[in-house]
Amino acid sequence: MINENMSSREMLNVLLDEHYANAFKAKEENRPLGWVSSNFPQEFIEAMDIDVVYPENQTAAISAKHESMDMIKISEELGYSNDICGYARTSLGFMEKKDSKSLNMPMPDFLLCCNNICSQLMKWFENISYSLNIPMFLLDIPFNNEYDITESRVEYMKKQAHDLVSFLENISGKKFDEEKFNKVCEVSNETARQWKRVERACYHVPSPANGFHLFNYMALMVCARGKASTAKCIEKYADELEQVIKEKRSLFKGEEKHRVMMEGIACWPYLSHNAKYLQSKGMNVVGSIYCQTWGRMYDNFTELLKSYSNVPDCINLERAVDRRTDIVKDSKSDAMVVHINRSCKIWDGFLFEMIRRISENTDVPYVYYDGDQSDPRCYSEAQFETKIDGFSEMIEELKKGASYENN
């Protein structure tokens, strides 16, 4: 249990520990436990008090603690290609091994999958369903090839929501309570409001936070946005950052010479190396659509569904450019550091053109580096350092008035 005397980091650790402890308790008590994709509408699950965990959270933790390669080797030995998502290979390897030194999770009794992140999630979860012989519900949210989300798409999602409720009722043996669902939506909106306070605080010059710290809190935003305890934790974090601003200091160690928008999913196996080397050059991450994603707010059920159709991997090029352009401007970023993530094909598919347009819109330079969200073989520390060294020099020259073109 958390209390108001705790720091937000202490609250975060307690709540994440409780999240996984509750999952193991559900298995011990023979309650159904689900594995869920990260951008699945959690409001339905929370409203029915169904126990779930999130494989993407687990694989990120396993990757950050340098254990992902053990799992990836297992999945590749089973025949899974190294071209598929690193999260999937890590998760499928864990499913075979059923044990992790970094972060353990009990095996699922059912699966909830949403393809608003990518279509590969469907095959990942289908393979789990087939291997464990358990039911899976797929909520189909197609990629938005238009700028705005059309009414026909909303109606398509609404019809699936009815099927989702029936599936959850059958799994849990409980009836769906609309009043409780609305209450969960209120809590989720409050959590999002507090997350937006955190985001706005980071936009302050200088930023009160080291932007990499937000990745820690993001784990809780993925798995428990609908819980009042999460809203309290994020509110506490926002309060702490605002207090740091009042005291005219920063949790970023050293001088904030350059304000950076970080583009892409975190390179978890080398996150510490990313953070420390950027910090050594005075570069602080002050904006990221990856973090911004979890601050979704809505006024009604239609807007709720639209919010799940508006995640970074589900929007067209023009909307993707506009959202990131706003982040660069609002965060007063003077540089962009872009992760070319071998795992995330849909994200990287139009990333080069997207970044080119954002740079053109904002006159902000950028640098790419190669990596992967889970597979450590795709990243070179020396390459990253060489690129950041050159980029840092370029930014310094730009600030002196020199003229450069991005390469």
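Parameters and conventions
- Residues numbered from 1 in each chain as written.
- Predicted model: local features only at pLDDT ≥ 70, side-chain atom pairs only at ≥ 80, totals over all residues.
- Heavy atoms only, no water.
- Helix = DSSP H or I, 4+ residues; strand = E, 2+ residues; numbered from the N terminus.
- Rg over C-alpha atoms; globule rule 2.2 N^0.38 Å.
- Buried < 20%, exposed > 50% of the residue type's maximum accessible area, 1.4 Å probe, protein only.
- Contact = heavy atoms within 4.5 Å.
- Areas by Shrake-Rupley, 256 points an atom, 1.4 Å probe, with all protein chains shown as cover.
- Lys, Arg positive; Asp, Glu negative; His and termini not counted.
- Charge placed at Lys NZ, Arg CZ, Asp CG, Glu CD.
- Disulfide = S-S within 2.5 Å.
- Salt bridge = Lys/Arg side-chain N within 4 Å of Asp/Glu carboxyl O.
- Polar contact = N/O pair within 3.5 Å; in protein donor to acceptor, adjacent residues only side chain to side chain.
- Pairing = 2+ DSSP bridges.
- Axes fitted to C-alpha atoms, helices over the stretch in contact; angles between N-to-C directions.

Asker: Residues and numbers for the overall build of the protein, please.
Answerer: For the protein, the count of helices and strands is 17 helices and 8 strands. What you see for the protein is a C-alpha radius of gyration of 21 Å, in line with the 22 Å of a compact globule of 407 residues. Referenced to the eigenvectors of the C-alpha coordinate spread, the extents of the protein come out at roughly 65 × 50 × 45 Å. For the protein, with 407 residues in total, the buried portion stands at 57%. Restricting the contact set of the protein to residue pairs at least 6 apart, pairs at least 24 apart contribute 77%. Total accessible area on the protein is roughly 17500 Å²; 48% of this is exposed by carbon and sulfur atoms. In the protein, the 49 positive side-chain charges and the 63 negative ones have mean positions that sit 2 Å from each other.

Asker: Could you give an account of the state of the cysteines, naming the residues involved and the relevant values?
Answerer: The full count for this structure, using the stated rule, is 0 disulfides. For Cys-85, which is in no disulfide, the shortest distance to another cysteine sulfur is to Cys-118 and amounts to 6.2 Å. When its relative accessible area of 10% is taken as the criterion, Cys-85 is described as buried. Not engaged in a disulfide, the cysteine Cys-185 finds its nearest cysteine sulfur in Cys-114; these two sulfurs lie 15 Å apart. A residue is classified by how much of its surface remains accessible, and Cys-185, at 9% relative accessible area, is buried.

Asker: So what's going on with the pattern of salt bridges? Which residues, and what values?
Answerer: Counted by the stated rule, this structure contains 29 salt bridges. One salt bridge in this structure joins Asp-239 and Arg-197, with 2.7 Å as the shortest N-O distance. With Asp-239 in helix H10 (residues 228-246) and Arg-197 in helix H8 (residues 178-202), this residue pair connects regions lying 42 residues apart in the sequence. Look at Asp-239 and you get partly exposed, because its relative accessible area is 37%. For Arg-197, a relative accessible area of 16% puts it in the buried group. Through salt bridges with shared partners, one network takes in Glu-318, Glu-353, Arg-356, Arg-357 and Glu-360.

Asker: Pulling in residues and values, what's your account of the environment of Ser-129?
Answerer: Here Ser-129 lies in helix H6 (residues 120-132). Spatially, the C-alpha atom of Ser-129 lies 7.7 Å from that of Phe-110, the residues being 19 residues apart in sequence. Sequence-distant contacts of Ser-129, defined by excluding residues within four places in its chain, comprise Leu-111, Ile-134, Pro-135 and Met-136. Polar side-chain contacts of Ser-129 include one of 2.6 Å to the backbone oxygen of Ile-134.

Asker: Mind laying out unusual backbone geometry, listing which residues take part and the relevant values?
Answerer: In this model, Val-205 is joined to Pro-206 through a cis peptide bond whose omega is -5°. Looking at the element boundaries, Pro-206 is found in the loop between H8 and helix H9 (214-223). Here the phi dihedral of Asp-49 falls at roughly 55°; this positive angle occurs in a residue that is not glycine. Of note, Asp-49 is situated in the loop between helix H2 (42-47) and strand S2 (51-53). We classify Asp-49 as partly exposed; its relative accessible area is 42%.

Asker: Pulling in residues and values, what's your account of the side chain of Ser-100?
Answerer: You can see Ser-100 is positioned in the loop between helix H5 (86-97) and strand S3 (110-114). Judged by relative accessible area, Ser-100 falls into the buried class, the value being 5%. Here Ser-102 takes part through its backbone nitrogen, which lies 3.1 Å from a polar atom of the side chain of Ser-100. Only 3.1 Å separates the side chain of Ser-100 from the backbone nitrogen of Leu-103, close enough to count as a polar contact. When near neighbours in sequence (up to four residues on either side) are disregarded, Ser-100 contacts Ile-62, Glu-67, Met-71 and Phe-94.

Asker: So what's going on with the sheet that holds S3? Residues and values would help.
Answerer: Taken in spatial order, the 4 strands make up an open sheet running S2-S1-S3-S4, and their pairing is parallel. Two strands lie at the open edges of the sheet, namely S2 and strand S4 (136-139), each paired on one side alone. With strand direction ignored, the average angle separating the axes of adjacent strands in the sheet is 25°. In this sheet, S4 lies alongside S3 in parallel orientation, the contact comprising 4 bridges. Residue pairing in the sheet places Leu-111 in a bridge with Met-136 of S4. Each of strand S1 (33-36) and S2 is contacted by helix H1 (residues 8-28), which is oriented at about 125° to S2, the strand it contacts most. Packed on one face of the sheet, H6 meets S1, S3 and S4 and runs near 170° to S3.

Asker: Could you give an account of the pairing of strand S7 (residues 335-341), naming the residues involved and the relevant values?
Answerer: Within S7, 7 of the 7 residues are buried, which leaves the element mostly enclosed by the surrounding structure. On S7, burial covers both faces: Ala-335, Val-337, His-339 and Asn-341 on one face and Met-336, Val-338 and Ile-340 on the other are all buried. In this sheet, S7 lies alongside strand S5 (residues 258-263) in parallel orientation, the contact comprising 4 bridges. Residue pairing across strands places Val-260 opposite Ala-335, the latter belonging to S7.

Just distances and angles here, no functional claims.
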